[in-house]
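Each chain, written out:
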Amino acid sequence: MSVVRAPGALLDAARLERFAAELASAPHWRLSPAAEHERSYALIWADEHVNAWAIRWSADADTGFHDHDGSAAGIVVLEGAVVEERLSLEGPPIARRFRAGDTFSMPASAIHRVRHGHGAPALTVHAYSPPLLVQGVYRVGEGGALERDSVPYTEELRGELAGV
């Protein structure tokens, strides 16, 4: 098993992908299987520059649309598949499907959602820099206006815009 070294600085999205892959290849962590309709997660890295989470995605797992409040993200898919969607004013959300072995990233400015991709539960590692502390969640307010609320990173995401 390789040893993961602290990055020592804030990481951009591309470097976060590599860091997430490094964490995934040296798993000093274990995540129990999710129940059929739940998403489970565990903090697997935390320092002043980066924090990272292992997330198990069950059949109905869906974060709803959210942002990372200034934190870029790098993600690696270890098992199964997930779908990442970004809001678009030009039409329906822009969807990308990722399977085991894939990595992807997003800038700190992204408004997106991640959901289970179908079939067996998925397992992903997400790395954030600066460390993810707050997320913005989106809802439809009075008169159909899009509104944002800030929630702590520890709050489970299940935004009402999941069906957009």
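The structure this text deals with has already been given above.
Note that this is a predicted model, so its numbers are computed, not measured. Position numbers for residues start from 1 in each chain and track the written sequence from start to end. In keeping with the predicted nature of the model, local features appear solely for residues at pLDDT of at least 70, side-chain atom pairs appear and are counted solely at 80 or more, and the whole-chain, interface and lining totals rest on all residues. Hydrogens and water molecules were not included; the side-chain quantities draw on all heavy atoms of the structure.

Visitor: Describe the environment of Leu16, and please don't skip the residues or the numbers.
Guide: Helical segments are the DSSP runs of H or I of at least four residues, strand segments are the runs of E of at least two, and each set is numbered from the N terminus. Looking at the element boundaries, Leu16 is found in helix H1 (residues 13-25). A 1.4 Å probe rolled over the protein chains alone gives each residue an accessible area, and that area as a share of the maximum for its type sets the label: buried under 20%, exposed over 50%, partly exposed in between. What makes Leu16 buried here is its relative accessible area of 0%. In this structure, the C-alpha to C-alpha distance between Leu16 and Tyr128, residues 112 residues apart in sequence, is 7.0 Å. Look past the residues within four positions of Leu16 in its chain and what remains in contact with it is Leu11, Val50, Ala72, Ala73, Gly74, Ala127, Tyr128 and Ser129. The contact definition used throughout considers only heavy atoms, calling two residues in contact when any of these lie within 4.5 Å.

Visitor: Provide a residue-level description of the nonpolar core, including the pertinent values.
Guide: Definition of nonpolar core: a set of buried residues of the types Ala, Val, Leu, Ile, Met, Phe, Trp, Tyr and Cys, connected through side-chain atoms within 4.5 Å. One finds Phe19, Leu23, Ile44, Trp45, Val50, Val125 and Ala127 to be the most contacted residues of the largest nonpolar core, which totals 20 residues. At the level of elements, H1, strand E1 (39-46), strand E2 (51-57), strand E4 (72-79) and strand E9 (122-129) are the ones that each hand at least two residues to this core. Looking at which element gives the most residues to this core, the answer is H1, with six residues. Trp45 has contacts with Val4, Arg5, Ala6, Pro7, Phe19, Leu23, Val50, Asn51 and Ala52, leaving out every residue within four places of it along the chain. Listed in part, the 16 residues of the second largest apolar core include Ile55, Ala61, Val77 and Leu132.

Visitor: Before we move on, can you summarise the packing of aromatic side chains with the specific residues and values?
Guide: Each pair of aromatic rings is reported with the distance of its centres and the angle of its planes. Each Phe, Tyr or Trp ring, with Trp reduced to its six-membered ring, pairs with another whose centre is within 6.5 Å; inter-plane angles below 30 degrees give stacked pairs, above 60 give edge-to-face pairs, and intermediate values give tilted ones. Applying the stated rule across the entire model yields three aromatic pairs. Aromatic side chains Phe19 and Trp45 sit 5.3 Å apart centroid to centroid with 80 degrees between the ring planes, which places their arrangement in the edge-to-face category. You can see Phe19 sitting in helix H1 and its partner Trp45 sitting in strand E1, a full 26 residues away along the chain. As far as the burial class goes, Phe19 and Trp45 line up, both buried. Between Phe98 and Phe104, the ring centres sit 3.8 Å apart and the planes meet at 10 degrees, which makes this aromatic pair stacked.

Visitor: An account of the side chain of Asp67 is needed here, citing residue identities and associated values.
Guide: Among the structural elements, Asp67 can be located in strand E3 (residues 66-67). In this structure the side chain of Asp67 is engaged in a polar contact, spanning 2.8 Å, whose partner is the side chain of Arg148. With residues up to four places along the chain from it excluded, the contact list for Asp67 reads Ala110, Ile111, Gln135, Gly136, Tyr138 and Arg148. Nitrogen and oxygen atoms within 3.5 Å of one another constitute a polar contact, given that in protein one can donate a hydrogen and the other can accept it, and given that sequence-neighbouring residues count only through two side-chain atoms.

Visitor: Describe the sheet that holds E1, with residues and values.
Guide: One requirement defines pairing of two strands: DSSP has to find at least two bridges between them. Taken together, five strands build an open sheet; the order of strands is E1-E2-E9-E4-E7 and the sheet is antiparallel. Looking at which strands have only one partner, the edges of the open sheet turn out to be E1 and strand E7 (103-106). Taking each pair of neighbouring strands and ignoring which way they run, the sheet shows an average axis angle of 20 degrees. As paired elements, E4 and E7 share four bridges and run antiparallel to each other. What sits directly across from Ala73, in E7, is Met106. The axes are straight lines fitted to the C-alpha atoms, using for helices just the contacting stretch, and the angles between their N-to-C directions are given from 0 to 180°.

The analysis is restricted to geometry; functional conclusions fall outside its scope.
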